[in-house]
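Listed below, chain by chain, are the residues.
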Amino acid sequence: MKTPILSTLFELGWKPFFSEQLSREEERGCQPVRVMSVHRGMVTVAGYGLHDSISSTVPNSRGPEDRPTVGDWLLIDHPGRKILRILDRTSLFKRPAPGNDRRLQLIAANVDTLFVVTSCNQDFNVARLERYLVLAGEVGVRPVIVLTKADLSPDASGFVEAARLLQSGVKVQLVDARNPQSVADLAEHCGIGETVALVGSSGVGKSTLVNTMTASNSIATQAVRESDGKGLHTTTVRELHRLGFGPEGGGWLLDTPGMRELQMSDVTSGVAEVFDDLVGIALQCRFTNCMHADEPQCAIRAAVAEGAIDAARLARWRKLTDEDAVNTSAAARRRARPRKSDERE
Ligand SMILES: Nc1nc2c(ncn2[C@@H]2O[C@H](COP(=O)(O)OP(=O)(O)OP(=O)(O)O)[C@@H](O)[C@H]2O)c(=O)[nH]1
Ligand SMILES: [Mg+2]
Ligand SMILES: [Zn+2]
């Protein structure tokens, strides 16, 4: 490929990881494009000299992970604008879809940093934040906890402290999402070609943050319900938005709809990462398969008794571990079953 094409693709987030996947023929005859948003049966893509909606059909698609999701790099044929294949991803966020069938829902691909957004009010919930951190750990993406509505909280420092305790070394940023000066520090995670996904409950200010960081007002936002402070699920599509800093342009912000629930499946290593302190202590238990219930010489129970670990945090660790085990084996059973259609995005 020639340099000018590469420089433009570079701004879109193109990396050697992707170009190495192309054969010589593909480099000549096909075009890589990035998925900006996904709609029913269609994807909006951007590439060199191209910004268009095309059919989202992928040939020989076998499983739910073979569908394009926002952030994906696709290889399309030039004249036909048909998807030839989805390039391997540097990262993939997914979850069991809400509802009873628990099919897989893809959230975003090729993300570099995850902004876990919550506000300094009743939305702040350590168990939910831990779930997002587990997801980031599992996917291998750096998390930043963004605490919004600092301006509405009489004592925001308490929220900052509680957030810092969730995972050793985790970055926490306190902002007024409507204020450009207040969010300026967040831009460091979003340089040229970098992709940041924003996740969190409805109403915490994800779209407000994107609007402020991109110095635009293009995304609709809506005041939260007064009675309980909950959001009204204003954003309905996941979409990449470009940061407009400087002539070169900046990175990409992926706005997502607020999630009602976040079930965990296939996140064993993510859980181990967020709770690495507890995992370390459990290594000292006499039995390698210790359930930390009534086994002799249990290091976890000893640590609780000493006050070295927080019993509530221990309970959350166990809950996540159990949930992961149940959902992961259910997912494995589903994968083993032959299936005709799996059309949900
Ligand atoms: N005072 C104040 N208001 C904020 C802040 N962040 C967001 N808001 C307000 O909170 C409301 C909800 O913000 P949105 O940006 O729509 O929230 P969202 O996270 O995108 O919600 P969904 O799209 O429903 O998932 C809007 O009225 C915002 O103006 C903040 O830091 N301070
Ligand atoms: Mg929104
Ligand atoms: Zn034990």
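Since we're looking at a predicted model, the values are computed, not measured. (Residues numbered from 1 in each chain as written. Chains lettered and ligands numbered in written order. Predicted model: local features only at pLDDT ≥ 70, side-chain atom pairs only at ≥ 80, totals over all residues. Heavy atoms only, no water.)

As a further point, take the overall build of the chain. Secondary structure assignment for the chain yields 11 helices and 13 strands. The C-alpha radius of gyration computed for the chain amounts to 22 Å, which stays within 12% of the reference 20 Å derived for 345 residues, consistent with globular compactness. Principal-axis analysis of the C-alpha atoms places the extent of the chain at approximately 70 × 50 × 40 Å. Burial analysis of the chain (345 residues in total) assigns 49% to the buried set. Total accessible area on the chain stands at roughly 17,100 Å², and carbon and sulfur atoms take up 52% of it. (Helix = DSSP H or I, 4+ residues; strand = E, 2+ residues; numbered from the N terminus. Rg over C-alpha atoms; globule rule 2.2 N^0.38 Å. Buried < 20%, exposed > 50% of the residue type's maximum accessible area, 1.4 Å probe, protein only. Areas by Shrake-Rupley, 256 points an atom, 1.4 Å probe, with all protein chains shown as cover.)

With that settled, consider the coordination of the magnesium ion (ligand 2). Ideal geometry at a metal centre: 109.5 degrees between donors when four sit tetrahedrally, and 90 or 180 degrees when six sit octahedrally. Protein coordination at the magnesium ion (ligand 2): the donors are Ser 207 (OG) and Thr 235 (OG1), at 2.0 to 2.1 Å from the metal. Of this pair, Ser 207 sits in helix α7 (residues 206–213) while Thr 235 sits in the loop between α7 and β12 (239–242), and the two are 28 residues apart along the sequence. Taken individually, Ser 207 and Thr 235 each receive the classification buried, so the pair is uniform in this respect. (Donors = N, O, S within 2.8 Å, 3.2 Å for Na, K, Ca; no water.)

Attention now goes to the site of ligand 1. Lining the immediate surroundings of ligand 1 are 24 residues, of which Asp 151, Ala 177, Ser 202, Thr 208 and Thr 235 lie closest. Asp 176 is positioned with one of its side-chain polar atoms (N or O) 3.3 Å from an oxygen atom of ligand 1. Val 204 places a polar main-chain atom, nitrogen or oxygen, 3.4 Å from an oxygen atom of ligand 1. Isolated, ligand 1 exposes 660 Å² of accessible area, and the fraction of that covered by the protein chains is 91%. Grouping the amino acids of the shell around ligand 1 by side-chain chemistry returns 6 nonpolar, 13 polar and 5 charged. (Near = heavy atom within 4 Å. Polar contact = N/O pair within 3.5 Å; in protein donor to acceptor, adjacent residues only side chain to side chain. Nonpolar A, V, L, I, M, F, W, Y, C, P; charged D, E, K, R; others polar.)

Before going further, it helps to spend a moment on the packing of helix α4 (residues 126–139) against helix α11 (residues 311–336). Taken N-terminus to C-terminus, the directions of α4 and α11 make an angle of 50°; their axes are 11 Å apart at the nearest point. Here α4 lies oblique to α11, going by the angle between them. At the point where α4 passes α11, the crossing takes the right-handed sense. Contacts from Val 126, Ala 127, Glu 130, Arg 131 and Val 134 in α4 reach Arg 313, Arg 316, Lys 319, Leu 320 and Glu 323 in α11. Along the lines of polarity and charge, the residues of the contact of α4 with α11 split into 4 nonpolar, no polar and 6 charged. (Axes fitted to C-alpha atoms, helices over the stretch in contact; angles between N-to-C directions. Parallel < 35°, antiparallel > 145°, perpendicular 65-115°, else oblique. Left-handed = near helix turned anticlockwise from the far one by under 90°. Contact = heavy atoms within 4.5 Å.)

Okay, the pattern of salt bridges next. Two side chains with opposite charge may pair up if their charged atoms get near one another. Summed over the entire model, instances satisfying the criterion amount to 16 salt bridges. Close ionic contact of Glu 11 with Arg 242 constitutes a salt bridge, the shortest N to O distance being 3.0 Å. Placement of Glu 11 in helix α1 (residues 3–12) and of Arg 242 in strand β12 is noted, with a sequence separation of 231 residues between them. For the salt bridge of Asp 151 with Arg 178, the shortest nitrogen-to-oxygen distance reads 2.8 Å. A residue pair is termed long-range when its members are at least 10 positions apart, and Asp 151 in the loop between β9 (142–148) and α5 (157–164) and Arg 178 in the loop between β10 (171–174) and α6 (180–183) qualify at 27 residues. Residue Asp 151 is classed as partly exposed on the basis of its relative accessible area of 39%. One salt-bridge network, in which partners are shared between bridges, spans Glu 130, Asp 277, Arg 313 and Arg 316. (Salt bridge = Lys/Arg side-chain N within 4 Å of Asp/Glu carboxyl O.)

Taken together, the protein donors to the zinc ion (ligand 3) comprise Cys 285 (SG), Cys 290 (SG), His 292 (ND1) and Cys 298 (SG), at separations of 2.1 to 2.4 Å. All donors of the zinc ion (ligand 3) belong to a single chain; written as a sequence motif, their spacing is C-x4-C-x1-H-x5-C. The burial state of Cys 290 is the same as that of Cys 298; both residues are buried.

Further remarks concern the environment of Ser 207. On the accessibility criterion, Ser 207 (7% relative accessible area) is buried. For the pair formed by Ser 207 and Thr 235, sequence separation is 28 residues and the distance between their alpha carbons is 7.6 Å.

Moving on: the packing of aromatic side chains. Under the criterion given, the structure shown has 5 aromatic pairs. Ring plane angle 45° and centroid distance 6.0 Å describe the contact between Phe 18 and Trp 73, whose orientation is recorded as tilted. With Phe 18 in helix α2 (residues 16–19) and Trp 73 in strand β4 (residues 73–77), this residue pair connects regions lying 55 residues apart in the sequence. Each residue in the set Trp 14, Phe 17, Phe 18 and Trp 73 is aromatic and connected to the rest through ring pairs, giving one cluster. (Phe/Tyr/Trp six-rings, centres within 6.5 Å; stacked < 30°, edge-to-face > 60°.)

Among the 5 residues that make up strand β6 (residues 92–96), 4 are buried, leaving the element largely enclosed by the rest of the structure. Taken together, the 5 bridges between β6 and strand β7 (residues 104–109) define a ladder with antiparallel strand orientation. Its bridge partner lying in β7, Pro 96 is registered against Leu 104. (Pairing = 2+ DSSP bridges.)

So, about the confidence of the model for the chain. Caution applies to low-pLDDT parts of the model: their predicted coordinates are not meant to be read in detail. On average, residues of the chain carry a pLDDT of 90, and 93% of them reach 70 or more. Here residues 341–345 is a poorly scored stretch, pLDDT under 50, and it has 17 contacts once near neighbours within four places are set aside; other chains count. (pLDDT = per-residue confidence, 0-100.)

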